[in-house]
Amino acid sequence: MLAVSCGLNIHVIDMETLRSPVVADCETEDNACTDPQWSPDGASLLIYRAMEFRPDPGIYVLDTGCLDDPATCPAKPQFFPRGTAPFACSPTGDKIAFITFDGRLGIASSEGSVL
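Note that the structure is a prediction, hence the values are computed from the model and not measured. (Residues numbered from 1 in each chain as written. Predicted model: local features only at pLDDT ≥ 70, side-chain atom pairs only at ≥ 80, totals over all residues. Heavy atoms only, no water.)

**Student:** Now, about the sheet that holds strand β2 (residues 9–13): what can you tell me, with residues and values included?
**Tutor:** Judged by pairing direction, the sheet is antiparallel, and its three strands sit side by side in the order β1-β2-β3 without closing on themselves. Taken across any chain shown, the strands that pair with only one partner, and hence form the sheet edges, are β1 (2–6) and β3 (22–24). Recorded for the sheet is a direction-independent mean angle of 40° between the axes of neighbouring strands. By the bridge criterion, two bridges tie β2 to β3 in an arrangement that is antiparallel. Paired with Ile10 across the bridge in β3 is Ala24. (Pairing = 2+ DSSP bridges. Helix = DSSP H or I, 4+ residues; strand = E, 2+ residues; numbered from the N terminus. Axes fitted to C-alpha atoms, helices over the stretch in contact; angles between N-to-C directions.)

**Student:** How would you sum up the packing of aromatic side chains? Please name residues and give values.
**Tutor:** Each aromatic ring pair is specified by the distance between its two centres and by the angle formed by the two planes. All chains considered together, the criterion is met by one aromatic pair. Centre to centre, the rings of Tyr60 and Phe79 are 5.3 Å apart; their planes meet at 75°, and the pair counts as edge-to-face. Taken as a pair, Tyr60 in strand β6 (residues 58–63) and Phe79 in strand β7 (residues 78–79) lie far apart in primary sequence, 19 residues in all. Taking the ring centre of Tyr60 as reference, the NZ or CZ of Arg49 above it sits at 5.2 Å. (Phe/Tyr/Trp six-rings, centres within 6.5 Å; stacked < 30°, edge-to-face > 60°. Lys NZ or Arg CZ within 6 Å of the ring centre and 35° of its normal.)

**Student:** How would you summarise the side chain of His11 if you had to cite specific residues and measurements?
**Tutor:** Along the chain, His11 turns up in strand β2. Under the relative-accessibility criterion, His11 is labelled buried at 15%. A distance of 3.0 Å separates a polar atom in the side chain of His11 from the backbone oxygen of Ser20. (Buried < 20%, exposed > 50% of the residue type's maximum accessible area, 1.4 Å probe, protein only. Polar contact = N/O pair within 3.5 Å; in protein donor to acceptor, adjacent residues only side chain to side chain.)

**Student:** Explain unusual backbone geometry to me, and be specific about the residues and the numbers.
**Tutor:** Here the residue pair Cys73 and Pro74 is connected by a cis peptide bond, since its omega of 0° sits within 30 degrees of zero. Looking at the secondary structure, you find Pro74 in the loop between β6 and β7. Of note, the bond from Ala85 into Pro86 is cis; its omega dihedral lies within 30 degrees of zero at 5°. Along the chain, Pro86 falls in strand β8 (residues 84–89). In the Ramachandran plot, Leu18 falls in the positive-phi region, its phi being about 65° despite a non-glycine side chain. Along the chain, the position of Leu18 falls in the loop between β2 and β3. Notably, Asp35 is not glycine yet its phi reads approximately 55°, a positive angle. Secondary-structure assignment places Asp35 in strand β4 (residues 31–38). Looking at Asp35, the relative accessible area reads 39%, which means it is partly exposed.

This is a description of form; function is not addressed.
Structure below.
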């Protein structure tokens, strides 16, 4: 499966069926979601979510469990740390590196606590 930013939303493309459900509908909330990054276990996506007139732009985590039941997609992204792309997961998924809004390297736990 591939995760892609298309328009202002996040889609996941199943390479066997070519279905591409929206897993994060950001456009209808005047948001833009970009830069999807899979967790090492494939259970979630990290995305950058920017909101023009709302607080807390930053990195959000998206549970991809809705892909098992597409009727439950899109899912509601949950706030992770304040930061921006690019970001990456460690091979074990216990740490996430990201760029802070002041341009520094940030490290967070897989639960979103800044270390």
